[in-house]
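Observations on the three-dimensional arrangement
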Amino acid sequence: MKKIVIRRSAIHGRGIFASEGIRKGEFVALLRGKLRHKAYPAGRRQIKHEDIWMPIAINWWIDPALPFRCINHSCDPNIGFKTPRRAHALRDIETGEELTVDYSSIEYVDHWRISCKCKTKKCRGIIRAVQYLPSRLYKSYLPYIPRFLQKVYKSRHRAV
């Protein structure tokens, strides 16, 4: 596991920062936390209040412990999840850089959406579930989207 610290973020609240350089593809940290079960039926507009929960399978979630409780979104992320619980660097990360994930790459609830505040040049304005990622962006994140989320995406985009 790489050395990471939590401190004030320019994106939102607290964030996770690299306290050492991390190479592209390198394992960063393991997602830990309390396991939760909750279904969000398709077609129902049930509000998902548990925005911090991270899915590890359909209807199974982790209520993340630190450090991932503080992970912020970016439309230009530097980490992704190769499996539901293992974060890896999408590119080289410098010491002191905030670690971010594209929330769309770790969410599947069809009606989930939030406004983006990442302020990057690649900002999409609205963040939605994995199945709404543009094809080019989705492909650029592979293999750092968990397989069960790849299946969700492919079920909506048969040609991928």
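So, here's what we can say about the structure. Everything quoted here is computed from the prediction, not taken from an experiment. (Residues numbered from 1 in each chain as written. Predicted model: local features only at pLDDT ≥ 70, side-chain atom pairs only at ≥ 80, totals over all residues. Heavy atoms only, no water.)

**Looking at empty space enclosed by the protein**
- Evaluated as defined, the whole model comprises one cavity of 30 Å³ or more.
- Within this model, the largest cavity holds a volume of roughly 30 Å³.
- Taken together, Leu-31, Met-54, Pro-55, Phe-81, Pro-84, Ile-106 and Pro-146 make up the lining of the largest cavity.
- Partitioning the lining of the largest cavity into residue classes produces seven nonpolar, no polar and no charged. (1 Å grid on protein atoms, 1.4 Å probe; cavity = no way out; pocket = protein on both sides within 12 Å on 5 of 7 lines; lining within 4 Å. Points joined across faces, edges and corners; volume = space filled by probe spheres on them. Nonpolar A, V, L, I, M, F, W, Y, C, P; charged D, E, K, R; others polar.)

**Some details on the packing of aromatic side chains**
- The full count for this structure, using the stated rule, is four aromatic pairs.
- Pairing Trp-61 with Tyr-108 gives two aromatic rings, centres 5.4 Å apart and planes at 20 degrees, and the pair type is stacked. Of this pair, Trp-61 sits in strand E6 (residues 60-64) while Tyr-108 sits in the loop between strand E10 (98-101) and strand E11 (113-115); the two residues are 47 residues apart in sequence, bridging distant segments of the chain.
- One aromatic cluster is present, formed by Trp-61, Tyr-108 and Phe-148 through successive ring pairs.
- Cation over ring: Arg-7 sits above Phe-17, and NZ or CZ is 4.1 Å from the ring centre.
- Seen from the ring of Phe-27, Arg-86 lies directly overhead, with NZ or CZ sitting 4.0 Å from the centre. (Phe/Tyr/Trp six-rings, centres within 6.5 Å; stacked < 30°, edge-to-face > 60°. Helix = DSSP H or I, 4+ residues; strand = E, 2+ residues; numbered from the N terminus. Lys NZ or Arg CZ within 6 Å of the ring centre and 35° of its normal.)

**Considerations on the pattern of salt bridges**
- This structure, assessed with the given rule, holds six salt bridges.
- Across the salt bridge formed by Arg-91 and Glu-97, the nearest N and O atoms sit 2.6 Å from each other.
- One salt bridge in this structure joins Asp-102 and Arg-124, with 2.9 Å as the shortest N-O distance. One end of the pair, Asp-102, is in the loop between E10 and E11; the other, Arg-124, is in the loop between E11 and strand E12 (126-128), with 22 residues separating them in the sequence.
- Judged by relative accessible area, which is 0%, Asp-102 ranks as buried. (Salt bridge = Lys/Arg side-chain N within 4 Å of Asp/Glu carboxyl O. Buried < 20%, exposed > 50% of the residue type's maximum accessible area, 1.4 Å probe, protein only.)

**Regarding the state of the cysteines**
- Summed over the entire model, instances satisfying the criterion amount to zero disulfides.
- Counting only cysteine sulfurs, Cys-116 is the nearest neighbor of Cys-75, a cysteine outside any disulfide, at a range of 3.7 Å.
- The thiol of Cys-118 is not disulfide-bonded; the next cysteine sulfur, from Cys-116, is found 3.4 Å away.
- Given the relative accessible area of 9%, Cys-118 is considered buried. (Disulfide = S-S within 2.5 Å.)

**Section: the sheet that holds strand E5 (residues 54-57)**
- Across the sheet, three strands lie side by side as E4-E6-E5; this open sheet has antiparallel pairing. At either end of the open sheet lies a strand with only one pairing partner, and these are strand E4 (33-37) and E5. The average angle at which neighbouring strand axes cross in this sheet is 35 degrees, direction not considered.
- With five bridges connecting them, E4 and E6 associate as antiparallel partners. Across the sheet, residue Leu-35 finds its bridge partner in E6, namely Ile-62. (Pairing = 2+ DSSP bridges. Axes fitted to C-alpha atoms, helices over the stretch in contact; angles between N-to-C directions.)

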